[in-house]
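Here are the chains, one letter per residue:
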Amino acid sequence: MRLLILIAMATGGFPYPPTPIGVGALFHPRAASRPVALHCDGDERWRGVHLELFARNRVVIIPAGIRSRCLRTRWPVGVIEVRGRRTLGDFFRVWGQPLSRTRLVGFQTRPGRPVRAYVAGRRWRGALRAIPLRRHAQIVLELGKHIPPKKVFLFPDGL
Amino acid sequence: MLLRRLAPLVGIVALVALPAARADADPASDILYTQRIYLPFFSGKVSPEHAQTLKQVVDGAWANGYQVKVALIAGDKDLGGVYQLFGKPQEYANFLGRELIFLYKGHLLVVMPQGFGVYRYQQSTAREQTQVKGVPVAEGPDGIADAASLAVAKLAGLPKPDIAASSGSSSSGTPAWEVAAIAVGGALLIAGMIAFGVLVLRRRRA
């Protein structure tokens, strides 16, 4: 029994390796705010969504300063604040960056190895741009090597 | 023989406790690749005077030739998707340092209410860890900021900074009841797994 407890304690650590942040402009795309006509559906409250981007086994930074009436990033940490019923496609439209099966921000891939999306750790099989930005959604987009996605992100209070 | 009998249980424990390699989602890495200091803003805030003291000390360290970046982690929310590392400053320092390796290879200091973690790419930090071990960490984000100021000054060989009186009024992240609930829940989960494993073993014997 002691051995079992020791095994449980030993395996309770944090064994998984981090993914490094990429170097160069492709991995650090600039903030932009395109004049996209979005309606916030009368929703006055901002809610938090977390988006992670990975390309070529590196982190792509989502910059602070992407702004519209219903979407904004105030920190470069992947937290998007959303009002109304918005989708991931809306966010990329405001940002002015590509998102499709073969394009993710400045990166391209071939149809045989498309951009993959995960919501709360589960593979999203529908259109990438249709992913709903629900409160506390944890969304991961990947191009290239598979990085097992996180299911949970802890949001700041009030989001 | 013993190992064979234990195999099902070990498998169950490993499945629950050992996640595969994962993506990272900690806010500090996204700030520190351009900044020298990550101040907690998801788990309470450092007051401006304490933040200013820390900035002066860190800037002084760089001016003195000691490159250091500092992450203040006041609560689990400041770790975002790697909240499991809250309370493990050294483990998080190792994790954070490896996220930044292509952009920064100097010293990295992590401060949590539980203590310090120090990392430097491909270098031992045993000496630095010993140096900061005795530095007290007071309660709240201001307390963590003050501890960081003292630790950086010590590491960089700077005079002890004049720490403003910590108000202790800032929020200190995870409440004690939440930590206790997580601890009890974890213990129950492990106990359940062990009981299940014993049951499987008994059935095999029968």
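Because the structure is a prediction, the values reported are computed rather than measured. (Residues numbered from 1 in each chain as written. Chains lettered and ligands numbered in written order. Predicted model: local features only at pLDDT ≥ 70, side-chain atom pairs only at ≥ 80, totals over all residues. Heavy atoms only, no water.)

Help me understand the overall build of chain B, please; the structure alone is not making it clear to me.
Counting secondary structure elements, chain B contains seven helices and four strands. The order of helices and strands in chain B, counted from the N terminus, is α-α-β-α-β-α-β-β-α-α-α. For chain B, with 206 residues in total, the buried portion stands at 46%. Considering only residue pairs separated by 6 or more positions, chain B has 67% of its internal contacts joining residues 24 or more positions apart. Summed over all atoms, the accessible surface of chain B reaches about 10100 Å², with 58% contributed by carbon and sulfur. (Helix = DSSP H or I, 4+ residues; strand = E, 2+ residues; numbered from the N terminus. Buried < 20%, exposed > 50% of the residue type's maximum accessible area, 1.4 Å probe, protein only. Contact = heavy atoms within 4.5 Å. Areas by Shrake-Rupley, 256 points an atom, 1.4 Å probe, with all protein chains shown as cover.)

What is the right way to read a nonpolar patch on the surface from this model?
Taken together, the side chains of Val 23 of chain A together with Phe 102 and Leu 103 of chain B define a hydrophobic patch exposed on the protein surface, amounting to about 240 Å² of accessible area. Positionally, Val 23 of chain A belongs in the loop between α1 (2-11) and β1 (47-55). (Patch = residues over 30% accessible without salt bridge, like charges linked within 9 Å, V, L, I, M, F, W, Y side chains within 5 Å. Salt bridge = Lys/Arg side-chain N within 4 Å of Asp/Glu carboxyl O.)

Quick question: what am I supposed to make of the state of the cysteines here?
Residue and element names in this part refer to chain A. Counted under the stated rule, the structure contains one disulfide over all chains. Here Cys 40 is linked by a disulfide to Cys 70, with a sulfur-sulfur distance of 2.0 Å. Given an S-S torsion of about -90°, the disulfide between Cys 40 and Cys 70 has left-handed geometry. In this pair, Cys 40 is assigned in the loop between α1 and β1 and Cys 70 in the loop between β2 (58-60) and β3 (71-72), connecting sequence segments 30 residues apart. Side by side, Cys 40 and Cys 70 carry an identical accessibility label, which is buried. (Disulfide = S-S within 2.5 Å.)

I would appreciate a short explanation of the packing of helix α3 (residues 48-63) of chain B against helix α6 (residues 140-156) of chain B in the present structure.
A pair of packed helices is captured by two measures, namely the crossing angle of their axes and the spacing between those axes. Residue and element names in this part refer to chain B. Viewed as axis vectors pointing N to C, α3 and α6 meet at an angle of 15°, and their least axial separation amounts to 9 Å. Between α3 and α6, the angle is such that the two are roughly parallel. Handedness of the α3/α6 crossing: left-handed. Along its contact with α3, which presents His 50, Thr 53, Leu 54, Val 57, Val 58 and Ala 61, the element α6 presents Asp 142, Ala 145, Asp 146, Ala 148, Ser 149, Val 152, Ala 153 and Ala 156. Residues belonging to the contact of α3 with α6 are distributed by class as follows: nine nonpolar, three polar and two charged. (Axes fitted to C-alpha atoms, helices over the stretch in contact; angles between N-to-C directions. Parallel < 35°, antiparallel > 145°, perpendicular 65-115°, else oblique. Left-handed = near helix turned anticlockwise from the far one by under 90°. Nonpolar A, V, L, I, M, F, W, Y, C, P; charged D, E, K, R; others polar.)

Would you mind showing me how to read the nonpolar core here?
Across soluble globular proteins, you tend to see nonpolar side chains buried next to one another. Of all hydrophobic cores here, the largest spans 39 residues; its most connected members are Ile 73, Tyr 92 and Leu 96 of chain B. Listing elements by their share of this core, those giving two or more residues are α2 (27-32), α4 (89-99) and β3 (107-112) of chain B. For this core, the element with the most residues is α4 of chain B, which contributes four residues. With sequence-adjacent residues up to four places away left out, Tyr 92 of chain B is seen in contact with Asp 26, Ala 28, Ser 29, Ile 73, Leu 79, Val 82, Leu 85, Val 110 and Met 112 of chain B. Core analysis: the second largest hydrophobic core is formed by 33 residues, Ala 55, Leu 99, Ala 117 and Leu 133 of chain A among them. (Core = buried A, V, L, I, M, F, W, Y, C linked by side-chain atoms within 4.5 Å.)

Sorry, what's going on with the pattern of salt bridges here?
Note that side chains of opposite charge can pair when their charged atoms are close. All told, the structure shown has ten salt bridges over all chains when counted by the stated rule. A salt bridge links Asp 59 of chain B to Lys 55 of chain B; the nearest nitrogen and oxygen atoms lie 2.7 Å apart. Taken together, the residues span about one helical turn, with Asp 59 of chain B and Lys 55 of chain B both in helix α3 at a distance of four residues. Asp 59 of chain B sits in the partly exposed class, given a relative accessible area of 28%. Among the charged side chains, a network of salt bridges with common partners joins Arg 72, Arg 74 and Glu 81 of chain A.

Explain the environment of Asn 64 of chain B to me, please; I cannot follow it from the model alone.
Residue and element names in this part refer to chain B. By secondary structure assignment, the location of Asn 64 is in the loop between α3 and β2 (68-72). Here Asn 64 falls in the partly exposed class, since its relative accessible area comes to 47%. Placed 26 residues apart in sequence, Asn 64 and Tyr 38 show a C-alpha to C-alpha distance of 21 Å. Leaving out residues up to four positions away in the same chain, Asn 64 has contacts with Ala 156, Gly 157 and Leu 158. A polar contact is formed between the side chain of Asn 64 and the backbone oxygen of Ala 156, at a distance of 3.3 Å. (Polar contact = N/O pair within 3.5 Å; in protein donor to acceptor, adjacent residues only side chain to side chain.)

What's the story with α3 of chain B in this structure? I'm lost.
Since the α-helix advances by 3.6 residues per turn, residues separated by three or four positions end up pointing in the same direction. Residues and elements named next belong to chain B. If you check α3, its first and last C-alpha atoms are 22 Å apart, about what 16 residues at 1.5 Å a residue would give, namely 22 Å. Inspection of α3 places His 50, Ala 51, Thr 53, Leu 54, Val 57, Val 58 and Ala 61 among the buried residues, and these make up the whole buried set. Looking straight down α3, one finds its buried side chains confined to an arc of 160°; they lie on one side. Relative to its buried face, α3 has exposed residues pointing more than 90 degrees away, namely Pro 48, Gln 56 and Ala 63. Residues of α3 that are buried in the fold lie against β1 (37-38), β2 and α6. (Expected span 1.5 Å × (residues − 1). Arc of directions from axis to C-beta.)

Whenever I open this one, the sheet that holds β1 of chain B confuses me. Can you help?
Within a sheet, neighbouring strands are paired by backbone hydrogen bonds and run either parallel or antiparallel to one another. Spatial strand order, β1-β2-β3-β4 (chain B): four strands in an open sheet with mixed pairing. Taken across any chain shown, the strands that pair with only one partner, and hence form the sheet edges, are β1 and β4 (115-119) of chain B. (Pairing = 2+ DSSP bridges.)

Would you explain the packing of aromatic side chains in this entry?
Here the distance between the centres and the angle between the planes together describe a pair of aromatic rings. In total, this model carries eleven aromatic pairs over all chains according to the counting rule given. What links up through ring pairs into an aromatic cluster is the set Trp 75 of chain A together with Tyr 38, Phe 41 and Phe 42 of chain B. The ring of Trp 46 of chain A carries Arg 72 of chain A above its face, with NZ or CZ at 3.9 Å from the centroid. The ring centre of Tyr 121 of chain B lies 5.3 Å from the NZ or CZ of Lys 105 of chain B, which sits over that ring. (Phe/Tyr/Trp six-rings, centres within 6.5 Å; stacked < 30°, edge-to-face > 60°. Lys NZ or Arg CZ within 6 Å of the ring centre and 35° of its normal.)

Quick question: what am I supposed to make of unusual backbone geometry here?
A negative phi holds for most residues other than glycine; trans holds for most peptide bonds. All names here are of chain A. The residue Val 105 is not glycine, and still its phi comes out positive at about 50°. Mapping Val 105 onto the fold places it in the loop between β5 (103-104) and β6 (107-108). A positive phi angle, near 65°, is found at His 136, a position not held by glycine. Within the secondary structure, His 136 sits in the loop between β8 (122-124) and β9 (138-143).

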